Amino acid sequence: MVSLVYLAARASEEACCELRRAGYQVTEAFSVPETLWLCSQHYAETVVISADFSDSAVIEVYRRYYTVQLKTDARPQDIFTELPAAS
């Protein structure tokens, strides 16, 4: 199972549930330090950043992990082509 961290300014039950239904193990984070810690603890190699998240420290996430940045009008299904296949 592919593990990823979903970084957002606020909880996004719809997006996380859709990713879980597609077979991904999803952990939510609400700050950059929390994201980095969760990636190291859950061996997540991918971070999905919601369109509503804004923090200049996010560059550290980009430097360390494969990152998918969502656009404002993105649907959860839109990111499946960017993610490693869930297995």
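Quick notes on the state of the cysteines
Disulfides are covalent bonds that link the sulfur atoms of two cysteine residues.
Moving on, step 1. For the structure on display, the rule yields zero disulfides.
Moving on, step 2. Of all cysteine sulfurs in the structure, the one in Cys17 sits closest to Cys16, which takes part in no disulfide; the separation is 7.1 Å.
Moving on, step 3. Its relative accessible area of 0% is what places Cys16 among the buried residues.
Moving on, step 4. Free cysteine Cys39: the closest other cysteine sulfur is in Cys16, separated by 13 Å.

Focus: the pairing of strand 4 (residues 66–69)
Moving on, step 1. As judged from the four bridges shared by strand 3 (residues 46–49) and strand 4, these two strands associate in the parallel manner. From the neighbouring strand, Ile49 faces strand 4, where its bridge partner is Gln69.

Thoughts on the pattern of salt bridges
Moving on, step 1. What the rule picks out here adds up to four salt bridges.
Moving on, step 2. Close ionic contact of Arg64 with Glu60 constitutes a salt bridge, the shortest N to O distance being 2.8 Å. A residue pair is termed a helical-turn pair when its members lie 3 or 4 positions apart in one helix, as Arg64 and Glu60 do in helix 3 (residues 59–64) at four residues.
Moving on, step 3. Overall, Glu60 belongs to the partly exposed group, its relative accessible area being 21%.
Moving on, step 4. If you follow the salt bridges from partner to partner, you end up with Glu60, Arg63 and Arg64 in one network.

What about the sheet that holds strand 1 (residues 3–7)?
Moving on, step 1. If you trace the four strands from one edge of the open sheet to the other, you get 2-1-3-4, paired in parallel fashion. Among the strands making up the open sheet, the edge pair consists of strand 2 (25–29) and strand 4. Looking at each pair of strands side by side, their axes are set apart by 25° on average, direction ignored.
Moving on, step 2. Relative to strand 3, strand 1 runs parallel, the two sharing four bridges. Note that in strand 3 the partner of Leu4 across the bridge is Thr46.
Moving on, step 3. Relative to strand 2, helix 2 (residues 32–42) is tilted by about 155°, and along the sheet it contacts strand 1, strand 2 and strand 3.

So, how was this worked out
Residues numbered from 1 in each chain as written. Predicted model: local features only at pLDDT ≥ 70, side-chain atom pairs only at ≥ 80, totals over all residues. Heavy atoms only, no water. Disulfide = S-S within 2.5 Å. Buried < 20%, exposed > 50% of the residue type's maximum accessible area, 1.4 Å probe, protein only. Pairing = 2+ DSSP bridges. Helix = DSSP H or I, 4+ residues; strand = E, 2+ residues; numbered from the N terminus. Salt bridge = Lys/Arg side-chain N within 4 Å of Asp/Glu carboxyl O. Axes fitted to C-alpha atoms, helices over the stretch in contact; angles between N-to-C directions. Contact = heavy atoms within 4.5 Å.

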